[in-house]
Amino acid sequence: MSVPRPAAVIVLAAGEGTRMKSQTPKVLHEVCGRPLVDHMLAAARELQPGRLIVVIGHGREKVGAHLAATSPDARAVVQEEQRGTGHAVRTVLEEVGTIAGTVLVAYGDTPLLRARTLAELLARHAEEGNAVTVLTAEVPDPTGYGRIVRDPGGAVVKIVEEKDATPAERAIREMNSGIYAFDGLLLADAVKRVSTDNAQGEEYLTDVLAILREEGHRVGAFVAPDHVEVEGVNDRVQLAFARRVLNQRILEEHMRAGVTVVDPASVWVDVQVTMEPDAVIHPGTQLHGATHVQAGAQVGPATTLTDTVVGAGAVVRNAVCDNAVIGAEATVGPYVYLRPGTVLGHKAKAGTFVEMKNAKVGDRSKVPHLTYVGDATLGVDVNVGASTVFVNYDGVNKHHTTVGDAAFIGCDSSLIAPVTVGDGAYTAAGSVIDTDVPPGAIGVARARQRNIDEWVLRRRAGTRSAAAAERALAEKEQESGT
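Not measured: the values here are computed from a predicted model. (Residues numbered from 1 in each chain as written. Predicted model: local features only at pLDDT ≥ 70, side-chain atom pairs only at ≥ 80, totals over all residues. Heavy atoms only, no water.)

### Focus: the overall build of the protein
Stated formally: Helix and strand assignments follow DSSP, with helices taken as H or I runs no shorter than four residues and strands as E runs no shorter than two, numbered in order from the N terminus. Put simply, the radius of gyration uses C-alpha atoms, and a globule should come to 2.2 Å times the residue count raised to 0.38. The classification of residues rests on relative accessible area computed with a 1.4 Å probe and restricted to protein chains. Under 20% of the type maximum is buried, over 50% is exposed, and intermediate values are partly exposed. Areas reported here follow the Shrake-Rupley algorithm with a probe of radius 1.4 Å; residue values treat only the protein chains shown as occluding.
A count of helical and extended segments in the protein gives 10 helices and 37 strands. The C-alpha atoms of the protein give a radius of gyration of 33 Å, which is well past the 23 Å a tight globule of 482 residues would have. Structurally, the protein occupies a C-alpha span of about 120 × 50 × 45 Å along its principal axes. Evaluated residue by residue, the protein yields a buried proportion of 45% over its 482 residues. Of the roughly 22,700 Å² that the protein leaves accessible, carbon and sulfur atoms contribute 49%.

Right, here's the structure in full:
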């Protein structure tokens, strides 16, 4: 299919979206990791338009700032007063001038609309030589929608609103999506003549179709393959519906590319996430942002990854990871929190109830359980015992700890940064290490144990502990006497 590049795509994103009941402009609400308006812009970019224009109005500061930060290729045009779709398009043309060629007009709240559907709309528009081609859809229940009335040759005669429709017209199931491909020169002329003679006193883009039709120009239509594509988002219920549909599409694409998703109903994946064949995603998993899962890795169950790389063959279970890099064949979890800056080497391990932040863990090094590692570099083949704390914060500044290759950190050690434990060095269990340990040495920093006999009998008399101690002492004395 040969698809002509549109001269411009105009995305209407100025509406208030009152039904969202939100301080966030409607088009900035996210679906699968991308704001609504960005979904439309992504689809538009696939068409390679000459110009990409977004009409903003309500919440213009937030929407404009977002576009400036994420879409420098899109020009924002402000509609000072929201006086209808026709007025929005007229505002654009008054600011940028007449656009020769095909102008596609779409909406910033239709995240399910595929680029290929828009391409088919443009192809139909060019093939038929229409002045305007409207994207329509056959819906199971057209209640509330404008109906498409065609002549016997298939050309659009008119778009009739439900309140104005005859019984025969109400029976029509083909509805108007409000998305159009226009001849830019004819659009520029006709949009100036749109009337505000209606109950809302607004300029409607549908009136352009009537003007062009009356002047003898052909008005065509293209039926979307799936009516769900043209459904807009106006409230939180529709937002959730769009999220479910798009998430299912994303998962199906990954599964057809060789990824196993054990339970698609419980897995949520953002549009930017990438995965390689033979990755396995278990139930209850969420993958956000620019997360990348390499071949053969297993993620989940009950795992949330954000902007995280999972190496080939790694296993990540019951974990929360944010801006982390997990090496090939590494093991993470269960119940692990990897914070930004964490990098695990090949076959490294972050085990049960481990938290890491800004930590570089070398190949085959293990942090099996109950440990916090913050602002640290661990060499290869390091073993960190349970209940170890890398004490990195002095209340004002963060400090770094370095642990050399093949070092052994005993259980319940506290490493007071800045400190270095050398290659092959040990720390004794229960030590508080605040001085460097040389390579091959053992750092011991704990008081010698001292037992105070019968302390419980004197200081905790009458307790269960005292009673147990009395029985044990009596038995011991009896045995000694025997």
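### A look at the pattern of salt bridges
The test is simple: A pairing counts as a salt bridge when a side-chain nitrogen of Lys or Arg comes within 4 Å of a carboxyl oxygen of Asp or Glu.
Within the structure shown, the criterion is met by 18 salt bridges. Salt-bridge contacts for D109 lead to K26; the nearest nitrogen and oxygen are separated by 2.8 Å. Of this pair, D109 sits in the loop between β6 (102-107) and α4 (115-128) while K26 sits in the loop between β1 (8-13) and β2 (30-31); the two residues are 83 residues apart in sequence, bridging distant segments of the chain. When sorted by exposure, D109 lands in the same class as K26, which is buried. Its salt-bridge partner being D151, residue R213 comes within 3.8 Å of it at the nearest N-O pair. Here R213, found in helix α7 (residues 206-214), pairs with D151, found in the loop between β8 (147-150) and β9 (156-160); they are 62 residues apart in sequence, far enough to count as distant. Each member of the salt-bridge network shares a partner with another, and the members are R90, E94 and E203.

### Observations concerning α7
Put simply, the test is: In this description, one arc is meant: the one made by directions from the helix axis to the C-beta atoms. Contact definition: two residues touch when any of their heavy atoms are within 4.5 Å.
Listed as buried for α7 are V208, L209, I211 and L212. Angularly, the buried residues of α7 cover 165 degrees about the axis, an arc narrow enough to put them on a single face. Those residues of α7 that are buried are in contact with β7 (132-138), β9, β10 (174-183), α6 (184-190) and β11 (219-223).

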